[in-house]
Amino acid sequence: MTENQPQNTSALPLRDRIEADFKQAMRNQDAIAKMTLRAVKTALTEAGKSGADHTLTEDDVLAVIQREAKRRREAAAEYTRLGATAQAAQEETELAVLEGYLPRQLEEAEVEEMARQIIAETGASTPRDLGQVMPKLMARMGAAADGKQASQVVRRLLSV
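Residues numbered from 1 in each chain as written. Predicted model: local features only at pLDDT ≥ 70, side-chain atom pairs only at ≥ 80, totals over all residues. Heavy atoms only, no water.

Caption draft 1: Layout of unusual backbone geometry. Even without being glycine, Gln 29 reaches a positive phi, approximately 55°. With respect to the helices and strands, the residue Gln 29 is situated in the loop between α1 (14-28) and α2 (31-50). Relative accessible area serves as the criterion here: at 72%, Gln 29 is assigned to the exposed category. (Helix = DSSP H or I, 4+ residues; strand = E, 2+ residues; numbered from the N terminus. Buried < 20%, exposed > 50% of the residue type's maximum accessible area, 1.4 Å probe, protein only.)

Caption draft 2: Representation of the nonpolar core within the structure. By size, the foremost hydrophobic cluster in this structure holds 22 residues, and its most contacted members are Ile 18, Leu 44, Val 61, Ile 65 and Tyr 101. Looking at this core, the elements with two or more residues in it are α1, α2, α3 (58-82) and α4 (85-99). When neighbours within four sequence positions are excluded, Ile 65 is seen to be in contact with Leu 14, Ile 18, Val 40, Leu 98, Tyr 101 and Leu 102. Formed by 18 residues, the second largest nonpolar core is a distinct cluster that contains Ile 118, Ile 119, Met 134 and Leu 158. (Core = buried A, V, L, I, M, F, W, Y, C linked by side-chain atoms within 4.5 Å. Contact = heavy atoms within 4.5 Å.)

Caption draft 3: The packing of α1 against α2, seen in detail. Look at α1 against α2: their axes get within 9 Å of each other, and the N-to-C directions meet at 145°. Classified by chirality, the crossing of α2 by α1 is left-handed. Here α1 contributes Arg 15, Ile 18, Glu 19, Asp 21, Phe 22, Ala 25 and Met 26 to the contact with α2, which in turn contributes Ala 33, Lys 34, Leu 37, Arg 38, Val 40, Lys 41, Leu 44 and Thr 45. Across the contact of α1 with α2, the residue classes break down as 8 nonpolar, 1 polar and 6 charged. (Axes fitted to C-alpha atoms, helices over the stretch in contact; angles between N-to-C directions. Left-handed = near helix turned anticlockwise from the far one by under 90°. Nonpolar A, V, L, I, M, F, W, Y, C, P; charged D, E, K, R; others polar.)

Rendered as structure tokens:
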């Protein structure tokens, strides 16, 4: 969330927090937060229409926010690679808004420790065993880590 958004909405369900923060961003004329939250609301509407059950759970809402954050992260990296610093900064600012709704992300060392535990539990020893480790690791980490980062850690550990 940006500094202009209310902090007292954390007890609300995620979708309600987004709606309240969107209204606050409109009142504060915070164009970045307003645009970012509008995009999330649109993605949530689309996600609700795509399934047979139109009710999104908290996990569904969180998954949509994670997808939107991943999109911003990848776009910022691509803009940076192309030397378009203004666009990269825009994407990173939008990402910062979205990260206010996501759980704290695990550090690489924390991911590595969990991966080592699961590798020991499964007896995995080669990169071919990635399929045994990743589902268990992702289930244990939940929304607290990026799958790409976790996969890189597991590949590195299994390659040694």
